[in-house]
Amino acid sequence: LKMSWFWLYLPLPLLLATCLCHSIKPPTTSSQQSFKTELFNFYHSLILADGKETTIHLLKDIPKRYHFVLEEGRVLAPFSITVTPCDVPIEWSILVYKSPPGKAAPGDHDTQEISKSQQAPGMVSTIFNYKGNSVETYMGMSSHSALYLLEFLSTERDTHVTVYLTTDTTSGHLYPELPADPRLDVVGLGHTTVTLTWKHSPSVLQHGESIQYCLLVNEKHNYKSLCAAETAIRSSGMKLPPTLALSLSPYLLEPQQVMILSNSELSIINKVSSGEVRQVCMGTKNTYTVPNLSPSTQYYFDVFIVNLLTNASAAYTGTFARTLEEPEPKVTELKDGKVIHVVLDGKKQKFYSLQYQARHKKIHFTFQLCQGQIRVHITRNGKIVASENLSGLRYFSLKGKVLDTYLVQLRAIEESNCSVKVQASPHFHKPLFPLLPESLKIKSFSKLRTCRSVTIAWLGTQEESKYCVYRKRVEEDQIWRELQSADRCSGPESRHKAEKVLCKYFYDLNLQRAVTTETIKGLEAGTFYLFDVYLFGPSGIPVRYHSKVVKTRKKC
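What counts and what doesn't
- Residues numbered from 1 in each chain as written.
- Predicted model: local features only at pLDDT ≥ 70, side-chain atom pairs only at ≥ 80, totals over all residues.
- Heavy atoms only, no water.
- Pairing = 2+ DSSP bridges.
- Helix = DSSP H or I, 4+ residues; strand = E, 2+ residues; numbered from the N terminus.
- Axes fitted to C-alpha atoms, helices over the stretch in contact; angles between N-to-C directions.
- Disulfide = S-S within 2.5 Å.
- Buried < 20%, exposed > 50% of the residue type's maximum accessible area, 1.4 Å probe, protein only.
- Salt bridge = Lys/Arg side-chain N within 4 Å of Asp/Glu carboxyl O.
- Phe/Tyr/Trp six-rings, centres within 6.5 Å; stacked < 30°, edge-to-face > 60°.
- Core = buried A, V, L, I, M, F, W, Y, C linked by side-chain atoms within 4.5 Å.
- Contact = heavy atoms within 4.5 Å.
- Polar contact = N/O pair within 3.5 Å; in protein donor to acceptor, adjacent residues only side chain to side chain.
- pLDDT = per-residue confidence, 0-100.
- Patch = residues over 30% accessible without salt bridge, like charges linked within 9 Å, V, L, I, M, F, W, Y side chains within 5 Å.
- Areas by Shrake-Rupley, 256 points an atom, 1.4 Å probe, with all protein chains shown as cover.

Undergrad: Please explain the sheet that holds strand 16 (residues 287–290) as it appears in this structure.
TA: Think of a sheet as strands paired side by side through backbone hydrogen bonds, with each pair either parallel or antiparallel. Strands sit in the order 10-11-16 across an open sheet of three strands; the sheet is antiparallel. At either end of the open sheet lies a strand with only one pairing partner, and these are strand 10 (184–189) and strand 16. Between one strand axis and the next, the sheet turns through 25 degrees on average, direction left out of account. Relative to strand 16, strand 11 (residues 194–198) runs antiparallel, the two being bridged by four bridges. Paired with Leu196 across the two strands is Tyr288, which belongs to strand 16.

Here it is as structure tokens:
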């Protein structure tokens, strides 16, 4: 009697293992040891939750085990187990312990009943085994007299997997359903675009509001699950939102991420060492054109169907495509003395090419920056002879051989539109622009300001030239926009006649005295005015001084 009370006070796992091991009489010593090992594994494992996705972290070369049993009273019931590796390939298997007929499985009855009922040997067998990194689902039929053990092992490195067990196959699925043909089709290829299409998921028709498609684009390889893709991006030094579905929250973005929201589509671009990784969620549309790709580059495309309520996802079969090669850039020929006005689209970041064949040894290139910021590269017979960012007026005097070929390449270095005027000519050719002073700044004299007038000054040259002054009334909140949007190549023809103040000629052989002043009258008190001075040379092409904003005194 005392011994029977001793059994009741033992911990349940130890009691079950002890009872089972003493009740079974295996035929050989080796099989006995193996069977005891399997039972030890059962009772040193965690319980796997039913109807819930479980994340399991694995350490390299250390197995991890989970077990589950069915509810009492269910003689035969279907069940399914879905395992999603989130990084490297893993090994996993399902083992089952079956009791003899009429005997209960460990864990189905209380301690006293188990200790009495285990009189005959049972059997432990492996019913499923898999090694790889694909998402695998095992479906089986279980009885209440069976106990299942899941064993996971990673031999490459520490990793994690997600496991979903369900014994309720009638109330729907956690994961969105894939169509019978889950492949992606490439239906269009361009230099910078790829158009994809795929068959609709049945889940979209049933739960349209809570389901959406998300596309992942990268330059390395395809991913077999959403968690595998996120793990790979994190390993590159990125921190990602928990799931692609949650990427709809802009505050989750990291500094290396760029979010673009247009036409109800959200794009997140991650800058990683191996290139760009783009995530695009487009609702329930099953056709999408990926924009802004690089020419002649291979990209990998994966589409995931995501349940926004559960964050569970399923992966279509990924595909890859190579964008078309970029056509040779169009080259415009420069002719002696002819001025070409080039407008660049900053968003496209493309080079605009100009070619010039020298007819003399000395060549003179002139650039007048009109708007924005532009970088210029000049090569002679394929070798770079000049490269810099343009500012205002810039001259390059180069010496080479007759029939040398010069290539001028221009590129915007900001996203806004930019423009520049370009001229190439022999060194002795009549200059395009007038002789310029040391500075193109306009100076105002604060002490000479009144409520009705402003005095300004600017530098001249040793060459007699024409100078025209213009004024424009501006509001204080418009000053920055006026200064930024000013076209430095435009002449007085773009101004209203009412803005013209005066035109005058002057020069001085002594550069120290080549300065002129002008008092502009008839202004309003406490008002901002923008002043411009245009310099005209022999060719008639004007050069615009830097605009100056001055405010008249409010009280006098």
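Moving on, there is more to tell.
Undergrad: Honestly, the state of the cysteines in this entry has me stumped. Any pointers?
TA: In protein chemistry, a disulfide is the covalent bond that joins the sulfur atoms of two cysteines. Counting across every chain of the model gives five disulfides. With its sulfur 1.6 Å from that of its partner, Cys370 forms a disulfide with Cys489. Note on the Cys370 and Cys489 pair: the S-S dihedral is about -85 degrees, so by sign convention the disulfide is left-handed. Of the two residues, Cys370 sits in strand 23 (residues 362–371) while Cys489 sits in the loop between helix 7 (479–485) and strand 32 (500–506), which places them 119 residues apart along the sequence. Assigned by exposure class, Cys370 and Cys489 land together as buried. One disulfide bridge connects Cys451 with Cys556, the sulfur atoms lying 1.8 Å from each other. When the S-S torsion is 120 degrees, as for the bridge of Cys451 with Cys556, the disulfide is right-handed. Taken as a pair, Cys451 in the loop between strand 29 (443–444) and strand 30 (454–459) and Cys556 in the segment after strand 36 (548–551) lie far apart in primary sequence, 105 residues in all. We classify Cys451 as buried; its relative accessible area is 10%.

Undergrad: Explain the pattern of salt bridges here, please?
TA: If charged atoms from side chains of opposite charge come close, those side chains can pair. The tally for this structure, following the rule as stated, stands at 13 salt bridges. Two residues, Asp181 and Lys199, come together in a salt bridge whose shortest N-O distance is 3.5 Å. Here Asp181, found in the loop between strand 9 (159–166) and strand 10, pairs with Lys199, found in the loop between strand 11 and helix 5 (202–206); they are 18 residues apart in sequence, far enough to count as distant. The exposure class of Lys199 is partly exposed, given its relative accessible area of 40%. Ionic pairing is found between Glu388 and Arg394, a salt bridge with its closest N-O pair at 2.7 Å. Because the salt bridges share partners, they merge into one network encompassing Arg495, Glu499, Asp532 and Arg544.

Undergrad: I'm lost on the sheet that holds strand 24 (residues 374–380) in this one. Help?
TA: Taken in spatial order, the five strands of this open sheet run 20-22-27-24-25, and their pairing is mixed. If you trace the sheet from one side to the other, it starts and ends with strand 20 (331–333) and strand 25 (383–389), each paired once. The mean angle between the axes of side-by-side strands here comes to 20 degrees, regardless of whether they run parallel or antiparallel. Note that strand 24 and strand 25 share six bridges and pair antiparallel. Bridge pairing links Arg375 to Asn389 in strand 25.

Undergrad: Explain the packing of aromatic side chains to me, please; I cannot follow it from the model alone.
TA: Aromatic ring pairs are described here by two measures, namely the spacing of the ring centres and the angle between the planes. Applying the stated criterion across every chain yields a total of 18 aromatic pairs. Residues Trp92 and Phe128 carry aromatic rings whose centres are separated by 4.9 Å and whose planes lie at 50 degrees to one another, so their mutual orientation is tilted. Highlighted residues: Trp92 in strand 5 (residues 90–98) and Phe128 in strand 6 (residues 123–132), separated in sequence by 36 residues. For Trp92, a relative accessible area of 1% translates into the label buried. Accessibility expressed as a relative area gives 19% for Phe128, which makes it buried.

Undergrad: Even after reading the chapter, I still don't get the nonpolar core, so can you show me in this structure?
TA: Nonpolar side chains in soluble globular proteins tend to end up buried together. Ranked by size, the top nonpolar core spans 26 residues in total, and within it Phe365, Phe367, Ile378 and Leu410 carry the most contacts. Among the elements of the structure, strand 21 (339–344), strand 22 (352–357), strand 23, strand 24, strand 26 (393–399), strand 27 (405–412) and strand 28 (418–426) are those that each provide at least two residues to this core. Those residues within four positions of Ile378 in sequence are excluded, and the remaining contacts are Phe365, Phe367, Lys383, Ile384, Val385, Ala386, Phe396, Leu398, Tyr406, Leu407 and Val408. In terms of nonpolar packing, the next biggest core, distinct from the first, is built from 22 residues, Ile81, Tyr138, Tyr148 and Leu165 among them.

Undergrad: What should I look at first to understand the environment of Lys443 in this one?
TA: Structurally, Lys443 can be placed in strand 29. Looking at Lys443, the relative accessible area reads 49%, which means it is partly exposed. With 74 residues separating them in the primary sequence, Lys443 and Thr517 have C-alpha atoms 9.1 Å apart. The residues contacting Lys443, other than those within four sequence positions of it, are Thr455, Ile456 and Ala457.

Undergrad: Whenever I open this one, the side chain of Glu499 confuses me. Can you help?
TA: Looking at the element boundaries, Glu499 is found in the loop between helix 7 and strand 32. What makes Glu499 buried here is its relative accessible area of 11%. Within polar-contact distance, the side chain of Glu499 engages the side chain of Arg495 at 2.7 Å. Ignoring any residue separated from it by four or fewer positions in sequence, one finds Glu499 in contact with Val469, Tyr470, Arg471 and Lys472.

Undergrad: What should I look at first to understand the pairing of strand 24 in this one?
TA: In summary, the side chains of a regular strand alternate between the two faces of the sheet. Along strand 24, five of the seven residues are buried, which leaves the element largely enclosed by surrounding structure. As judged from the seven bridges shared by strand 24 and strand 27, these two strands associate in the antiparallel manner. When the sheet's bridge partners are listed, Arg380 is paired in strand 27 with Tyr406. The hairpin formed by strand 24 and strand 25 contains two residues between the paired strands, and Asn381 there has a positive phi angle of roughly 55 degrees.

Undergrad: It is not clear to me how the confidence of the model for the protein chain should be interpreted in this structure. Could you clarify?
TA: The predicted coordinates of low-pLDDT regions are not to be read in fine detail. Of all residues in the protein chain, 76% attain a pLDDT of 70 or more, and the chain-wide mean is 80. By mean pLDDT, the top-scoring element of the protein chain is strand 30 (97), and the lowest-scoring one is helix 4 (residues 111–117) (36). This model gives residues 1–29 a pLDDT under 50, and the stretch forms 33 contacts once residues within four places in sequence are excluded. Note that residues 107–120 has pLDDT below 50 and, in this model, 24 contacts with residues that lie over four places away or in other chains.

Undergrad: Whenever I open this one, a nonpolar patch on the surface confuses me. Can you help?
TA: Judged by side-chain polarity, Val186, Leu189 and Leu324 come together as a nonpolar surface patch covering roughly 220 Å² of accessible area. As for its position among the elements, Leu324 is in the loop between strand 19 (319–322) and strand 20.

Undergrad: I tried to follow the pairing of strand 5 on my own but got confused; where do I start?
TA: Extensive coverage of strand 5 is indicated by the burial of seven of its nine residues. Relative to strand 6, strand 5 is paired through nine bridges, and the arrangement is antiparallel. Counted as the bridge partner of Leu95 is Thr126 from strand 6. Two strands pair when backbone bridges link them, and strand 5 and strand 8 (residues 146–153) are joined in this way by eight bridges, in the antiparallel orientation. In the sheet register, Val96 faces strand 8, and the bridge partner there is Tyr148.

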